[in-house]
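# Secondary and tertiary structure notes
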Amino acid sequence: MSRNVEGQTPVSAPVQAAYSYCETVTGQQARNFAYGIRLLPAEKRHAMSALYAFARRVDDIGDGTLAPEAKQRRLEETRALLDRVRKGEVGEDDTDPVAVAVADAARRFPVPLGGLDELIDGVLMDVRGDTYETWDDLKIYCRCVAGAIGRISLGVFGFAPDAPGSEHAVEYADTLGLALQLTNILRDVREDAGNGRTYLPSDDLAKFGCSAGFHSAIPPAGSDFAGLVHFEVRRARALFAEGYRLLPLLDRRSGACVAAMAGIYRRLLDRIERDPEAVLRGRVSLPGHEKAYVAVRGLSGLDARNVSRQSVRRRG
């Protein structure tokens, strides 16, 4: 048995190996996410890596090349594994390192594992090829695949229950997840179109003459593609503004983690707003030095202090 650097509950060698595997998956597959969680103390960082690795597995099934029926079968098998975790049936000697790590994280933190069921539900929507007529329809999907992750993460982060606004903490975490997912949808419109998926609401596409879809580096003929992007950017910004109200409720390092992850996506949104057609030419991303700046800004607590000042002005 070894004790982690915070002096928390000892971690056995098999569990430590499982967490190390999950951290490797996170570092390789989710660089934006990894930038944020590296700001956490070890125990929380391990838990977040475990939850990400499970979520990555679910996403990979949905994005893979299997037939829809096989994907549905694999997703239900993954749900059955989650149920074993929930029932305490996964031991340290289990052969699945992700299951071992998630089970340990769930013992250490009040993680609402039902959020991972919601993620599976959302990926099943992808497998079925669901499309969304209105923003209210799309919100259901976003809450499954991203809002639920925000709520799960809050179980690891914890929050100050006596702070002003704490009764809305879960709602803020959910809303921040929606903001991140809508930014992802904007960034990936061309890639998703190539995979036969359309996420933006059909009402919005029709309003801006984009119902033909996004299958080339050129917007649909006669469309107001820039108008569509700016419309969705404003929606995402409103979600970020609401979700950022979570920051003052978190401890310094958890707040830094959230501010770093959300800050990277807000800067992606800025880039998309400045050059809407960039999302049709390729994946918009931030250079490493800019991500590092966002992480340092999050660690400074500047975003949390700004939100606190705004909240005081609103209450005044």
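The following refers to the structure shown.

Reading guide: rules and limits
Residues numbered from 1 in each chain as written. Predicted model: local features only at pLDDT ≥ 70, side-chain atom pairs only at ≥ 80, totals over all residues. Heavy atoms only, no water. Salt bridge = Lys/Arg side-chain N within 4 Å of Asp/Glu carboxyl O. Helix = DSSP H or I, 4+ residues; strand = E, 2+ residues; numbered from the N terminus. Buried < 20%, exposed > 50% of the residue type's maximum accessible area, 1.4 Å probe, protein only. Lys, Arg positive; Asp, Glu negative; His and termini not counted. Contact = heavy atoms within 4.5 Å. Axes fitted to C-alpha atoms, helices over the stretch in contact; angles between N-to-C directions. Parallel < 35°, antiparallel > 145°, perpendicular 65-115°, else oblique. Nonpolar A, V, L, I, M, F, W, Y, C, P; charged D, E, K, R; others polar.

## Things to note about the pattern of salt bridges
Under the defined criterion, the tally for this structure stands at 31 salt bridges. Note that Glu23 is salt-bridged to Arg45, the shortest N-O span being 3.0 Å. Of the two residues, Glu23 is situated in helix H1 (residues 13-29) and Arg45 in helix H3 (residues 42-63); the sequence distance between them amounts to 22 residues. For Arg45, a relative accessible area of 23% puts it in the partly exposed group. Salt-bridge contacts for Asp188 lead to Arg187; the nearest nitrogen and oxygen are separated by 3.0 Å. The exposure class of Asp188 is buried, given its relative accessible area of 11%. Three or more residues are tied together by salt bridges with common partners; here these are Glu76, Arg79, Asp83, Arg86, Lys87, Asp117 and Asp121.

## What to know about the side chain of Lys71
Following the sequence through the fold, Lys71 ends up in helix H4 (residues 68-86). There is no salt bridge for the buried Lys71, and the closest opposite charge comes from Asp63, which lies 6.5 Å off by N-O distance. Discounting residues that sit within four places of it in the chain, Lys71 has contacts with Ile61, Gly62, Asp63, Gly64, Thr65, Leu66 and Val127.

## So, the packing of H4 against helix H6 (residues 114-128)
As a packed pair, H4 and H6 sit with axes 10 Å apart at the nearest point and diverge in direction by 180°. Put simply, H4 runs roughly antiparallel to H6. The residues of H6 that touch H4, namely those facing Pro68, Lys71, Gln72, Leu75, Glu76, Thr78, Arg79, Leu82 and Arg86, are Gly114, Leu116, Asp117, Ile120, Asp121, Val123, Leu124, Val127 and Arg128. Counted by class, the contact of H4 with H6 contains 8 nonpolar, 3 polar and 7 charged residues.

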